[in-house]
Structure formats: C-alpha cells, structure tokens
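The residues making up each chain are set out below.
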Amino acid sequence: MNKQIAILPGDGIGPEVIAEAKKILTAVEKVFNHTFKFIPVIGGATAIYQFGDPMPQTTIDICKDSDAVLFGAFGDPKFDKDPNAKIRPEQGLLKIRKELQLYANIRPIYTFLSLIDKSPIKKEIVEKSDFCVVRELTGGMYFGMKGRSEDNKTAFDTNIYSVYEIERILKIAFEMAQQRRKKLLVVDKANVLATSRLWRETAIRMSKNYPEIDMQCMYVDNASMRIITTPRDFDVIVTENTFGDILTDEASVITGSMGLMPSASIGVYTSLFEPIHGSYPEATGKNIANPMAAILSASMLLEMAFNMKEEANLIKLAVNKALENNIRTIDIAQDKAYTTQEVGDYIQNVILNS
Ligand code: IPM
Ligand code: MN
C-alpha cells in the first residue's frame with residue numbers, strides 16, 4: 001500500500017522517540033512491501049521559536065492531506081513558568097485538534113505482565129486490567145466561550161455540547177464495545193450538569209440500537225474511584241473532554257508504565273497517533289527516553305488508520321520481546337539500562353528478521 005504519513009515530532013523528547021517509531025515504520029515498509037511517504041512537519045514550542053506560531057498553517061495543510069499523523073509531544077518548561085505567556089505550545093495542540101476535527105481520543109489501558117510490579121497499585125487489583133477510554137476531544141469547556149469580566153475579578157469557561165457531537169463520539173464507543181467485551185460505561189455528572197443530562201439522554205436513546213451492549217452510566221466522581229479500586233470491571237469508558245482529560249491521566253498510572261502507552265485521535269480529515277507521555281524536558285537530548293509508547297503509537301496507526309492488523313501485531317510482538325529480554329530504557333530497566341536508540345534498534349531487528 002502507498003500511504004502518506006505526516007511526522008510531527010514536536011518538543012523535548014518528541015524528536016528522539018519519534019525517530020525510533022519512524023525507524024520501525026520503515027522496517028515494516030520493507031518486510032511487507034509498502035511504500036510510506038514521510039513528511040516532517042513542525043509545531044509546539046519548536047515552531048514558536050522558529051515562526052512565532054505553535055501551529056503553522058502549512059503543518060495543518062500537510063496533516064489534512066496525509067493518511068495519518070504521527071505526533072511526539074508539545075511543551076517546554078519555559079512556558080510553564082509564565083502562566084501569562086500569550087503564545088503557548090498547548091495552543092498548537094488545541095488548534096490541530098480543532099482544525100483536523102480530532103473528535104475522538106482513544107487511550108487503551110492494559111498491563112504488561114513483565115511490568116506488573118511497577119504499578120503503584122496492588123498486583124491483585126491491576127493484573128489483567130484491559131480497558132479503553134474514549135474521550136471527546138473537540139468540545140466542552142476546552143472550546144466553549146471563555147473570558148474575564150471587565151474588572152478582571154470574574155472568569156468563566158463554558159461547557160457546551162450539541163447532540164451531533166455526542167452522537168458521533170458515542171457511535172465510536174458503542175462500535176468499540178462491540179469489538180471488545182460488549183460493556184460500555186458512559187461517565188458524566190448528570191446529577192448536576194445540563195451537558196451531562198444531554199449526554200445521558202443521547203446515550204440511552206442510542207443504546208436501543210445496540211441491544212447486545214451492556215451500557216451503564218456512572219457519575220465521574222464515582223468512576224474516578226472505581227478506576228483505582230476495580231480497574232478490571234471496565235471495558236470501554238466514554239466521556240466528555242474535561243472528565244476524559246483527568247480520567248485518562250488517572251488510568252494511565254495503573255499500568256505503571258507511562259512510557260509504554262499509545263493513543264489515537266480519530267478525526268474527520270485524518271487521524272493522529274501519539275504517546276500519552278509528554279515532552280519530558282529533563283530527559284531531552286540524553287538518549288534515555290523510552291521509545292516504546294511512540295513505537296506502539298505507530299502500531300496503532302497501522303491498525304486503525306490503514307487497517308494493517310498483521311503489521312501492527314508484529315510491532316506489538318517485537319515490543320513484548322524487548323520487554324521480556326530486558327532491553328529496556330532506564331524508567332523500566334531491571335539492571336542494565338539501554339538507550340532510546342538501542343531499544344529502537346532491537347525492535348527494528350526483531351521486525352526485519354521476522
Ligand atoms: C492531554 C493534555 C492536553 C489536554 C493539554 C496539554 C492541553 O493534557 O493531551 O491530555 O488537556 O488535552
Ligand atoms: Mn491531559
């Protein structure tokens with residue numbers, strides 16, 4: 001197959017881990033006789049320094065034109081120290097989400113047997129956890145009207161959702177539940193919020209079209225507790241933007257391996273794949289960052305954007321082999337720690353020799 005992939009490494013460790021993921025895609029290209037055209041694009045703090053704009057229009061145009069986008073991370077501590085900075089890397093992230101209409105953020109949560117002792121939660125509770133959070137990504141408070149009163153003493157953010165936005169994200173969640181264990185949990189705050197009541201009403205109406213799915217609704221405060229106490233109970237969780245932001249960070253720690261988790265953002269024009277970890281500035285340029293989340297994001301890209309299941313599985317197998325043979329970076333190393341590039345090389349060789 002011929003495919004065009006926009007490569008958006010971004011800031012911090014982004015370029016280092018994305019270089020390894022690209023290496024893996026190139027290996028897959030060889031083994032399976034595909035042709036991938038990689039187009040590098042720029043964004044985040046890196047683009048602010050070069051162009052004064054965290055998301056240049058050319059980046060948006062090239063991404064829209066590509067079959068998928070592989071993204072590293074945005075963020076630079078320089079901006080975190082100044083909450084009033086007018087231009088920030090995060091704006092680049094929100095802009096690309098809006099422009100590409102990346103409305104469904106999918107974050108799988110599963111444990112790796114070889115890393116189970118890295119979880120801060122007891123092994124008996126987390127082992128065999130396997131669920132997926134579907135977070136709405138282009139609506140709600142993130143994009144609703146916001147502002148300050150004239151005297152600067154009051155501020156507001158508007159949480160706003162329309163039925164079509166709720167329906168399209170729920171459709172993705174119902175369909176994902178159909179492919180999995182047929183359980184869907186809609187997380188809201190319908191006892192307080194009007195938007196949540198619209199979500200719940202829409203979910204109940206749509207559930208009639210999916211009689212085989214066991215759909216339940218739960219308040220977000222309760223759900224946040226249960227993700228920690230009974231993670232195995234979940235299959236697919238769907239929720240709005242802000243709740244999803246918080247719950248996905250919470251859920252990611254139960255696996256004990258932030259450096260391993262990939263994610264997908266499904267859009268109207270194209271889809272974007274990225275590791276869930278951030279730009280990790282402390283590790284930048286040291287060749288120590290874990291490339292596995294970026295590599296697994298490339299696997300997710302092949303599976304979800306190109307329907308290349310066999311190719312995606314081969315990458316997952318190769319990553320597992322690296323884990324089992326202790327070819328790991330410092331964050332999860334047993335004794336000897338390998339570099340970012342060494343881990344990438346190992347996984348690349350497993351694929352080339354398959
Ligand atoms: C995420 C991040 C972003 C978000 C920030 C950086 C704007 O936390 O991808 O979860 O809140 O969506
Ligand atoms: Mn977040």
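See the structure shown above.
These numbers come from a predicted model, not from an experiment.

About the criteria used
Residues numbered from 1 in each chain as written. Chains lettered and ligands numbered in written order. Predicted model: local features only at pLDDT ≥ 70, side-chain atom pairs only at ≥ 80, totals over all residues. Heavy atoms only, no water. Axes fitted to C-alpha atoms, helices over the stretch in contact; angles between N-to-C directions. Helix = DSSP H or I, 4+ residues; strand = E, 2+ residues; numbered from the N terminus. Parallel < 35°, antiparallel > 145°, perpendicular 65-115°, else oblique. Left-handed = near helix turned anticlockwise from the far one by under 90°. Contact = heavy atoms within 4.5 Å. Nonpolar A, V, L, I, M, F, W, Y, C, P; charged D, E, K, R; others polar. Near = heavy atom within 4 Å. Polar contact = N/O pair within 3.5 Å; in protein donor to acceptor, adjacent residues only side chain to side chain. Areas by Shrake-Rupley, 256 points an atom, 1.4 Å probe, with all protein chains shown as cover.

Participant: So what exactly am I meant to see when it comes to the packing of helix H7 (residues 163-179) against helix H8 (residues 194-207) here?
Facilitator: The angle between the axes and the distance between the axes are what describe a pair of packed helices. At a minimum axis separation of 10 Å, H7 and H8 run at an interaxial angle of 50 degrees. Here H8 runs oblique to H7, going by the angle between their axes. The element H7 and its partner H8 pack so that their crossing is right-handed. Contacts between H7 and H8 involve Val163, Ile166, Glu167, Ile169, Leu170, Lys171 and Phe174 from the first element and Leu198, Trp199, Thr202, Ala203, Arg205, Met206 and Ser207 from the second. Grouping the amino acids of the contact of H7 with H8 by side-chain chemistry returns nine nonpolar, two polar and three charged.

Participant: Can you help me understand the site of ligand 1 in this one?
Facilitator: Neighbouring ligand 1 are Glu90, Leu93, Arg97, Arg107, Arg135, Tyr142 and Asp245. One nitrogen or oxygen atom from the side chain of arginine 135 is found 2.8 Å from an oxygen atom belonging to ligand 1. Contacts to ligand 1 include aspartate 245, whose side-chain N or O atom sits 3.0 Å from an oxygen atom. Considered on its own, ligand 1 offers 320 Å² of accessible surface; in the complex 72% of this is hidden by protein. Broken down by element, the shell around ligand 1 gets its largest block of residues, three residues, from helix H5 (residues 89-99). Its residues assigned to classes, the shell around ligand 1 comprises two nonpolar, no polar and five charged.

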